[in-house]
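Survey of secondary and tertiary structure
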Amino acid sequence: MSTHYEKMLEDAMAAYQHQRDHFDQARQDVETATSTATSARREVTATVGRTGDLTELSFPTSAYKRMAPAELASVIVQTVAAARQKSVAAAAEMMAPMLPPGISAEDLMSGKVDVNALFSARVPGFDEGNLP
């Protein structure tokens, strides 16, 4: 009889280890992810890291030289914003398989999910700080 329970425990530990390895890989992928966007007329290319911080800005053509400063600034801001949106979407896609059903990874990544409400609905005593 004990071998049956030992087998169940081994299977549970193997499943846990597999899930943990998958989570660790996903976390590493999110940590090292970058996203790049290029403006419509190829004046500017912006690359951001996982947190949306600008890591590279380049001008693939000489088209930017013919732009007024305000126009160029606007294109840069729009291109960086597009790269940031791609970054959020990519991170959400990586994290989605690890979230419970009904939780949007993109909403979670963009701060639209109330994490306290999420846990209090699933973990008894979470609101009161009375965790088991």
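Notes on the structure follow.

About the criteria used
Residues numbered from 1 in each chain as written. Predicted model: local features only at pLDDT ≥ 70, side-chain atom pairs only at ≥ 80, totals over all residues. Heavy atoms only, no water. Helix = DSSP H or I, 4+ residues; strand = E, 2+ residues; numbered from the N terminus. Buried < 20%, exposed > 50% of the residue type's maximum accessible area, 1.4 Å probe, protein only. Contact = heavy atoms within 4.5 Å. Areas by Shrake-Rupley, 256 points an atom, 1.4 Å probe, with all protein chains shown as cover. Expected span 1.5 Å × (residues − 1). Pairing = 2+ DSSP bridges. Axes fitted to C-alpha atoms, helices over the stretch in contact; angles between N-to-C directions.

**Regarding the overall build of the chain**
A count of helices and strands for the chain gives four helices and three strands. Ordered by position in the sequence, the α and β elements of the chain form the string α-β-β-β-α-α-α. Scored against the burial criterion, the 132 residues of the chain give a buried share of 20%. For the chain, the share of sequence-separated contacts (at least 6 apart) that also reach a separation of at least 24 residues comes to 35%. For the chain, the computed accessible surface area is about 9,300 Å², with 56% contributed by carbon and sulfur atoms.

**Things to note about the side chain of Thr-79**
For Thr-79, the location among the structural elements is in helix 2 (residues 69-95). On the basis of relative accessibility, which here comes to 4%, the residue Thr-79 falls in the buried class. If we skip the residues at most four places from it in the chain, Thr-79 touches Ala-37, Thr-38, Ser-39, Val-44, Thr-45 and Ala-46.

**What to know about unusual backbone geometry**
Non-glycine residue Arg-42 carries a positive phi angle of around 65 degrees. Within the secondary structure layout, Arg-42 lies in the loop between strand 1 (35-38) and strand 2 (45-48). Looking at Arg-42, the relative accessible area reads 46%, which means it is partly exposed.

**What to know about the environment of Val-44**
Relative to the assigned elements, Val-44 resides in the loop between strand 1 and strand 2. In this structure Val-44 comes out as buried when scored by relative accessible area, which is 0%. The contacts of Val-44, once residues within four sequence positions are left out, are Ala-37, Thr-38, Ser-39, Leu-57, Ser-58, Phe-59, Pro-60, Leu-72, Val-75, Ile-76 and Thr-79.

**What to know about helix 2**
Here helix 2 is 27 residues long and its end C-alpha atoms lie 39 Å apart, about the 39 Å a rise of 1.5 Å per residue gives. Along helix 2, the positions that sit buried rather than exposed are Leu-72, Val-75, Thr-79, Val-80, Ala-83, Ser-87, Ala-91 and Ala-92.

**Focus: the sheet that holds strand 2**
Read from one edge to the other, the open sheet built from three strands follows the order 1-2-3, with strand pairing classed as antiparallel. Two strands lie at the open edges of the sheet, namely strand 1 and strand 3 (54-58), each paired on one side alone. Taken pair by pair, the neighbouring strands of this sheet meet at an average axis angle of 15 degrees, ignoring direction. Helix-sheet contacts for helix 2 involve strand 1, strand 2 and strand 3, and the interaxial angle to strand 1 is about 145 degrees.

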